[in-house]
Structures are given as C-alpha cells and as structure tokens.
Amino acid sequence: MLQYLQEVFPLLESAFWLTLKISFLGILNALILGLIISLTIFFKIPLLAPISNGFVAFFRNTPLLLHLFFLYFGLPRMFGILLSFETTALIGLSLLGAAYMAEAFKSGITQIAASQLESGKAIGLNRLQITRYIIIPQALSYSIPALGANAIFLFKETSVFTAIAGTDITTVIINLISNIGHTNENLLLLVAAYAIVIIPFTLLLSLLERRLRYAEFGA
C-alpha cells in the first residue's frame with residue numbers, strides 16, 4: 001500500500017488540490033450569490049424577486065449532473081461556447097450552491113425580530129444600512145448550521161464531476177482503477193481524501209455553532 005501510494009501520490013495530490021480549489025471557489029460564489037438572492041426575495045424587489053424564486057426552485061429541484069451536461073456538452077452544440085472542465089465544474093457548483101445557500105439565508109432572515117427592523121427604520125437607517133448592520137450579521141449567525149451543512153454537501157457533490165471526465169480526485173481514482181487496478185487501495189485513498197476535508201470542517205462547524213449559541217443565550 002505504501003509503495004503504491006508513493007507511485008501515485010503526485011497525481012493524486014494534483015487532483016486533490018484541484019478538487020479543493022473548485023470546492024472553495026464554488027462555495028464562496030454560492031454564499032455571495034445566495035445572500036444576494038435571499039435579500040432580493042426578502043425585500044420583494046420588483047422583477048428580481050420572482051426571478052430569484054424561480055432560480056431557487058429550478059436549481060434545488062434539478063441535479064448537478066444535468067447542469068454539468070448542459071454546460072459542457074450543450075453549450076458548444078447550441079451556441080458554440082466551449083468551457084473547460086474547471087470552468088464548467090465551478091459554474092455548476094456555484095449555481096447549485098447558490099440555490100441552497102439562498103434558502104439557508106432566507107431561514108436565518110425570517111428569525112430576525114421585526115421590531116429590530118422597525119427600530120432601524122425609526123433611527124433613520126436606510127435599506128442598505130439595515131441590511132449591513134442588522135440583517136446580514138444576524139442572518140449569518142442563525143444560518144451557520146445550514147450553511148455549513150450545505151458546504152459539506154457541495155464538497156461531496158464534486159464526485160459528480162466524473163460525468164465530464166475532468167481531473168478531479170474522483171475521476172483520477174476511477175481512471176487508476178480502470179487502468180491499473182488496486183481497487184481497494186484506490187477506494188481507500190478516495191475515502192481518505194474526502195475525510196481529510198469533511199471531518200475537520202465538521203468539527204470546526206460544531207465548535208462555531210456552540211460559540212454562537214453561547215454568545216446568544218449565554219449557555
């Protein structure tokens with residue numbers, strides 16, 4: 001096992017870091033887009049609110065695999081737009097994640113007391129200031145559990161990238177199994193690659209939830 005790991009480690013390291021890069025950027029994009037979408041829905045902005053609701057409904061109810069197929073195979077045939085594997089994966093993960101993050105933020109926003117928003121208006125804060133100083137800080141606090149769960153979900157969804165034959169960790173492992181064998185060893189390495197990220201993140205998320213709960217309730 002150790003000898004085999006030494007042989008394939010350079011290839012696996014490159015694939016792992018690429019998967020991690022796409023995941024990080026995709027989750028970051030999803031958080032930003034999700035927050036914007038949730039705010040347009042909360043403030044019921046004309047035209048944008050129904051579009052945002054439609055976006056959330058569509059991407060939450062369609063699989064990432066479908067989005068990847070359309071971006072990677074459909075766009076070149078329909079519009080002549082050719083995207084690289086990395087760009088396709090990033091866009092697909094960002095759009096899917098944005099829908100889930102928007103729902104998480106919406107849930108957090110609804111827990112903010114209406115009296116706080118009214119108080120903000122009463123002291124002369126405009127909509128932007130209310131959003132910055134009242135809504136976003138509290139919505140983030142309330143939404144941490146859901147946002148963390150969504151982040152873990154999105155990282156695990158990177159395994160679907162095999163559908164477009166990329167160079168992510170799952171695809172590389174599958175190719176190694178097909179070309180070289182060592183099925184048990186390769187599957188163990190794949191599990192380890194995901195566990196290295198998910199387990200520490202889960203522990204960190206649990207710690208963050210406890211700290212936020214203590215800050216809010218003092219226990």
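Just so you know, these numbers come straight off a predicted model, no measurement behind them.

So, the UniProt feature "transmembrane region" (unreviewed entry) in the protein chain
So, point 1. The feature "transmembrane region" (unreviewed entry), as given by UniProt, occupies residues 20–43, 81–102, 160–181 and 187–208 in the numbering adopted here.
So, point 2. With 100% helix and 0% strand, residues 187–208 has its two end C-alpha atoms placed 31 Å apart.

Observations regarding a nonpolar patch on the surface
So, point 1. Residues Phe24, Leu25, Leu28, Ile32 and Ile36 make up a contiguous nonpolar surface patch of roughly 460 Å² in combined accessible area.
So, point 2. As for its placement among the helices and strands, Phe24 is situated in helix α1 (residues 2–42).

Overview of the pattern of salt bridges
So, point 1. For the coordinates displayed, the defined rule picks out 2 salt bridges.
So, point 2. With a shortest N-O distance of 2.8 Å, Lys21 and Glu86 are connected by a salt bridge. Linking Lys21 in helix α1 with Glu86 in helix α4 (residues 85–110), this pair joins segments that are 65 residues apart in sequence.
So, point 3. Its salt-bridge partner being Lys106, residue Glu103 comes within 3.0 Å of it at the nearest N-O pair.

Here's the deal with the layout of surface pockets
So, point 1. Roughly 440 Å³ of volume is contained in the largest pocket.
So, point 2. Along the walls of the largest pocket sit 19 residues, with Phe24, Ile27, Leu31, Ala151 and Phe201 positioned nearest its centre.
So, point 3. Counting only elements with at least two residues in the lining of the largest pocket, the list comes to α1, α6 (127–157) and α8 (183–217).
So, point 4. When grouped by side-chain class, the residues that make up the lining of the largest pocket number 17 nonpolar, 2 polar and no charged.
So, point 5. Estimated volume of the second largest pocket: approximately 220 Å³.
So, point 6. Together, 13 residues line the second largest pocket, and Phe9, Leu12, Phe16, Ala193 and Ile196 are the ones closest to its centre.
So, point 7. When contributions to the lining of the second largest pocket are tallied by element, the ones reaching two or more residues are α1, α7 (169–179) and α8.
So, point 8. Examining the composition of the lining of the second largest pocket, we find that 6 residues originate from one element, α1, more than from any other.

Section: the packing of aromatic side chains
So, point 1. One pass over the structure, following the stated rule, counts 9 aromatic pairs.
So, point 2. Centroid distance Tyr100 to Phe153: 5.1 Å. Interplanar angle 50°. Geometry classified as tilted. Remark: Phe153 occurs in helix α6 and Tyr100 occurs in helix α4; sequence separation between them is 53 residues.
So, point 3. Connected via pairs of aromatic rings, a cluster forms that spans Phe55, Phe58 and Phe59.

A few points about the packing of helix α3 (residues 64–79) against α4
So, point 1. Taken N-terminus to C-terminus, the directions of α3 and α4 make an angle of 140°; their axes are 9 Å apart at the nearest point. The angle between the axes of α3 and α4 places the two elements in the oblique class. Here α3 runs over α4; the crossing is right-handed. Judged by residue contacts, Leu64, His67, Leu68, Leu71 and Tyr72 of α3 engage Phe85, Thr88, Ala89, Ile91, Gly92, Leu93 and Leu96 from α4.
So, point 2. Its residues placed into classes, the contact of α3 with α4 shows 9 nonpolar, 3 polar and no charged.

Observations regarding unusual backbone geometry
So, point 1. In this structure, Lys44 is a non-glycine residue whose phi angle is positive, near 50°.
So, point 2. With respect to the helices and strands, Lys44 occurs in the loop between α1 and α2 (48–60).
So, point 3. Not every positive phi belongs to a glycine, and Leu47 is a case in point at roughly 75°.
So, point 4. By the secondary structure assignment, Leu47 is in the loop between α1 and α2.

How each quantity is defined
Residues numbered from 1 in each chain as written. Predicted model: local features only at pLDDT ≥ 70, side-chain atom pairs only at ≥ 80, totals over all residues. Heavy atoms only, no water. UniProt positions renumbered as here; feature names shortened; annotations may be inferred. Helix = DSSP H or I, 4+ residues; strand = E, 2+ residues; numbered from the N terminus. Patch = residues over 30% accessible without salt bridge, like charges linked within 9 Å, V, L, I, M, F, W, Y side chains within 5 Å. Areas by Shrake-Rupley, 256 points an atom, 1.4 Å probe, with all protein chains shown as cover. Salt bridge = Lys/Arg side-chain N within 4 Å of Asp/Glu carboxyl O. 1 Å grid on protein atoms, 1.4 Å probe; cavity = no way out; pocket = protein on both sides within 12 Å on 5 of 7 lines; lining within 4 Å. Points joined across faces, edges and corners; volume = space filled by probe spheres on them. Nonpolar A, V, L, I, M, F, W, Y, C, P; charged D, E, K, R; others polar. Phe/Tyr/Trp six-rings, centres within 6.5 Å; stacked < 30°, edge-to-face > 60°. Axes fitted to C-alpha atoms, helices over the stretch in contact; angles between N-to-C directions. Parallel < 35°, antiparallel > 145°, perpendicular 65-115°, else oblique. Left-handed = near helix turned anticlockwise from the far one by under 90°. Contact = heavy atoms within 4.5 Å.

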